[in-house]
Structures are given as structure tokens and as C-alpha cells.
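Now for the letters of each chain:
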Amino acid sequence: MPLFQNATFFISAHNLSDLPPANGVEIAFAGRSNAGKSSALNTLANHNRLAFVSKQPGRTQLINFFTLGNDKHLVDLPGYGYAKVPEAMRAHWQMVLSRYLTERNSLRGLVLVMDSRHPLTSLDKQMLDWFCTTGKPVHVLLTKSDKLSRNEANQTLMKVRKELNDTWRNCSVQLFSSLKKQGVEEAENIIGKWLFSE
Ligand code: GDP
């Protein structure tokens, strides 16, 4: 049975003060708008509408919590890098994201979703810089890998793995396709360990 089969919507937060108490364990999903984060969450949850694949990036900027029961949560962070977001909103979200990533005690690990055709953008690097100061693990999903040939996908994987290892601590990376349902087990194994190891 998929790891997140029973995920259900729990709460949305617009500010740090709206976050639920930091009890239990949570795993956050972040990524550039349109990288494929909602699709990846839905694929992992074996659900079609869990994370609402948003057609208006930048509009609904909320931190969405999904519960797996037993005080375990998946946290869908707002997509970043959407060009049309007003400056004040961008600044607000930079502050919220950086503080959430660095200060949230219940956060066990970060899943960073990148389009495999454009990995490690400057904003992705910014997220890694913020989060890796905590020493907590990051797992990168290189999504839409179905859009690359097998050879291109493997080369991208090796290149990103090398850059991650050279620059940040405690990062792993894999290829992922929501369309082809590829990489699901590998992702579940890592996220499952973060969620269920004490
Ligand atoms: P988000 O903004 O990061 O949540 O991205 P979405 O999940 O909404 O996906 C953005 C676009 O990429 C949508 O048109 C999806 O259908 C498409 N997409 C997402 N994942 C994949 C994938 O694995 N393969 C392909 N071919 N398209 C994908």
C-alpha cells in the first residue's frame, strides 16, 4: 500500500503564526512553480486532487498541511519563482519560507522538487542554503524525467548529485516522473524513513 494513501487535508497557513503546534513529525515539499510538486505529491499519495494541481501559480500562497494520522504531516510549501508575483508578496514569502525551514522543530526533512530539464536554479540553491544550515536531510526529486531520454536523465542525475555533494551536506537525489509513475518507491523509502524512524 502506498505510504501516503491515507493523507487528508489538515490545515492551511498564511503566516508563521497560523502554523499548527510543532508536535509530531513533518516533511515539507518545496519547489519552483510549475516544477511538478503538486503532481509529485498527488502521485505519492495515490490521489488525484490532494494537492490541487494549481493552474494559477503564485495566486494561492499558503502552506498546506496534510495529515497521515499519528501526528505525522506532509507540508506543501508555496511554489517560488513565479515571475508575476508582486514584490511585497515575494518578500513576505521569502521571510515565511526561510523561517519555516530553519526554525520549525517538527520538520524532519525537505523534499525539493526540480524540473529535471532545469535543475538547481538560483532559487533552488537559495532553499538549499537556508535549509542545509539545519543539518537536516534534503531529498531532490528530478521530476518530469519522462521528458528526457534515458541517457540525458542519467547524465542529469549524475551532474546534480555531484553538485549537491560538492556544495551542501546531507542531500540525496533521484529521477521521478508523475506521468509514468517512476521513482515512487525510491521516494517513499526515503520519506518513510524520515517519517517513521524515531
Ligand atoms: P507545481 O506548480 O510545481 O505544483 O507543478 P504541477 O504539479 O502543477 O505541474 C506543472 C505542469 O507540469 C503540469 O502541466 C503537469 O501536468 C506537468 N507535469 C508534472 N509532473 C509531470 C511529469 O512527471 N511528467 C510530465 N510529462 N509532466 C508533468
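Above this text is the structure in question.
Residues numbered from 1 in each chain as written. Predicted model: local features only at pLDDT ≥ 70, side-chain atom pairs only at ≥ 80, totals over all residues. Heavy atoms only, no water.

K.L.:
What am I meant to see in the overall build of the protein here?
P.N.:
For the protein, the count of helices and strands is 5 helices and 7 strands. Taken from the N to the C terminus, the helices and strands of the protein come in the order β-β-α-β-β-α-β-α-β-α-β-α. Taken over the C-alpha trace, the protein has a radius of gyration of 16 Å; the compact-globule value for 198 residues is 16 Å, and the two agree within 12%. Burial statistics for the protein: of 198 residues in total, 49% are counted as buried. Accessible surface for the protein amounts to roughly 10,000 Å². Of this, 49% is attributable to carbon and sulfur atoms. (Helix = DSSP H or I, 4+ residues; strand = E, 2+ residues; numbered from the N terminus. Rg over C-alpha atoms; globule rule 2.2 N^0.38 Å. Buried < 20%, exposed > 50% of the residue type's maximum accessible area, 1.4 Å probe, protein only. Areas by Shrake-Rupley, 256 points an atom, 1.4 Å probe, with all protein chains shown as cover.)

K.L.:
Looking at this model, I keep getting lost on the site of the ligand. Mind explaining?
P.N.:
In the region of the ligand, 15 residues are neighbours, and Asn34, Ser38, Ser39, Asp146 and Ser178 sit closest. A distance of 3.2 Å is found between an oxygen atom of the ligand and a backbone nitrogen or oxygen belonging to Ala35. Protein burial of the ligand: of its 570 Å² of free accessible surface, 78% is covered by the chains. Tallied by class, the residues present in the shell around the ligand amount to 3 nonpolar, 7 polar and 5 charged. (Near = heavy atom within 4 Å. Polar contact = N/O pair within 3.5 Å; in protein donor to acceptor, adjacent residues only side chain to side chain. Nonpolar A, V, L, I, M, F, W, Y, C, P; charged D, E, K, R; others polar.)

K.L.:
I tried to follow the environment of Phe176 on my own but got confused; where do I start?
P.N.:
For Phe176, the position within the fold is in the loop between strand S7 (171–175) and helix H5 (184–196). For Phe176, a relative accessible area of 0% corresponds to the buried category. Sequence separation of Phe176 and Thr143 is 33 residues, and the distance between their C-alpha atoms is 4.6 Å. When sequence neighbours within four positions are dropped, the list of residues in contact with Phe176 reads Ala40, Thr43, Leu44, Leu141, Leu142, Thr143, Lys144, Ser145, Gln182, Gly183, Val184 and Ala187. (Contact = heavy atoms within 4.5 Å.)

K.L.:
Any chance you could explain the sheet that holds strand S4 (residues 72–76) here in plain terms?
P.N.:
The strands making up a sheet are joined through hydrogen bonds of the backbone, oriented either antiparallel or parallel. Read from one edge of the open sheet, 7 strands run S1-S3-S4-S2-S5-S6-S7, paired in mixed fashion. One side of each edge strand has no neighbouring strand; the edge strands of this open sheet are strand S1 (8–13) and S7. Ignoring which end each strand starts from, the neighbouring axes of this sheet average 25 degrees apart. By the bridge criterion, 5 bridges tie strand S6 (residues 138–143) to S7 in an arrangement that is parallel. What sits directly across from Val138, in S7, is Cys171. Here helix H2 (residues 87–103) sits on the sheet in contact with S1, strand S2 (25–31), strand S3 (63–69), S4 and strand S5 (107–115), set at roughly 130 degrees to S5. (Pairing = 2+ DSSP bridges. Axes fitted to C-alpha atoms, helices over the stretch in contact; angles between N-to-C directions.)

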